[in-house]
Amino acid sequence: MHDALLIVLVFLALAFDYINGFHDTANAIATSVSTRALSPRRAVWMSAAFNFIGALSFTGVAKTIGGDIVSSVKMVDSQTIIAALVAAIVWNLVTWYYGIPSSSSHAIIGGLIGAVLVSHGFSGLKIVGVLTIFVALIASPIIGGILGVIIMKLLRLFFGKMSPGKINSTFKPLQVCAAAIMSFSHGANDAQKAMGIITLALLSAGQLETLDVPLWVKICCAAAMAFGTATGGWRIIKTMGGKIYKLTPLSGFAADLNSSITIMSATLLHLPVSTTHVVAGSIMGVGSTQRIKAVNWGIGQTMVQAWFLTIPLTAVIGGIIHKVILMLFN
């Protein structure tokens, strides 16, 4: 039974990564698609390729997910992690269906917290690690918004005297490059969440001696996210690409460049962040430099509400699912 649960867990983790791929495709390509710098098909396949490369490049965030949330691997078993994964998958599918850009990072962390609380109480959580992750998740979109304002103002300072046509022809190819870098950054940070979950499960099951991510886990998670990205998340692309702020090649380049810098900085610091939050914060920051009313703050408010609800609701769902699993298998 233990081996069977471990197989189910790995399958669910890869399913989460796949859903994360099409759920968060918008983060990398919405700006370049909305400004027509890339066709949707080319944008999706380019994003899938760079997501795959990025996912294979780093493991620091995976170790944070696997080691900084729970007090001890002895307090986590396959049932706990399965509950967390199911909660995150349910939340991602619901928010995708309604076109709400929510955080897959928040969802998996909330699900894991809820399942651990039900099984072991607060003693099962590494409070300092959880708080560090919370700070990174909350601070990253704020930093993204502030940097978005700075980068956009600098670009307008240097290129503001050019004609609109010249600006568009100059920044469309640059925007494609920025979207590729953004896709790499997304893969480098987001794919590691599933890697960390699988590695934690293998460690708790005695299959590993350390929290080092096996090569097969890297490849499987990278491939799952790349395939998910290739599927495309068109509902959320429409929200990110045009409903927050009407992007131009210049502002789209600024948003992607700024998001990439923010996400890669967090990745190098081994901190999980929400790429959705960072990109949305960047777009809002970039848009506000034109004028405050240029940004659709109503959409922004809906997104923020979803962000704040994600962790508590996925924690509740994770806790309930853990209880159900215990009733069924114990």
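Structure's up top.
The paragraphs below set out a description of the structure included in this document.

Criteria and cut-off values
Residues numbered from 1 in each chain as written. Predicted model: local features only at pLDDT ≥ 70, side-chain atom pairs only at ≥ 80, totals over all residues. Heavy atoms only, no water. Buried < 20%, exposed > 50% of the residue type's maximum accessible area, 1.4 Å probe, protein only. Helix = DSSP H or I, 4+ residues; strand = E, 2+ residues; numbered from the N terminus. Contact = heavy atoms within 4.5 Å. Patch = residues over 30% accessible without salt bridge, like charges linked within 9 Å, V, L, I, M, F, W, Y side chains within 5 Å. Areas by Shrake-Rupley, 256 points an atom, 1.4 Å probe, with all protein chains shown as cover. Salt bridge = Lys/Arg side-chain N within 4 Å of Asp/Glu carboxyl O.

**Notes on helix H4 (residues 60-67)**
Burial analysis of H4 places seven of its eight residues in the buried class, which makes it a mostly covered element. Within the sequence span of H4, burial applies to Gly60, Val61, Ala62, Thr64, Ile65, Gly66 and Gly67. In this fold, the buried residues of H4 make contact with helix H6 (104-120), helix H7 (127-159), helix H8 (164-204) and helix H11 (249-268).

**Things to note about a nonpolar patch on the surface**
A cluster of nonpolar side chains, contributed by Ile138, Ile142, Ile146, Ile150, Leu154, Leu157 and Phe158, occupies part of the molecular surface with about 750 Å² of accessible area. Relative to the helices and strands, Ile150 is located in helix H7. For Ile150, a relative accessible area of 43% gives the class partly exposed.

**Side note on the pattern of salt bridges**
On inspection of all chains with the given rule, the structure shows two salt bridges. Across the salt bridge formed by Asp212 and Lys63, the nearest N and O atoms sit 3.2 Å from each other. With Asp212 in the loop between H8 and helix H9 (215-231) and Lys63 in helix H4, this residue pair connects regions lying 149 residues apart in the sequence. Judged by relative accessible area, Lys63 falls into the partly exposed class, the value being 35%. The salt bridge involving Lys193 is made with Asp190; its shortest N-O contact spans 2.7 Å. Taken together, the positions of Lys193 and Asp190, both in helix H8 and three residues apart, correspond to about one turn of that helix. As far as the burial class goes, Lys193 and Asp190 line up, both buried.

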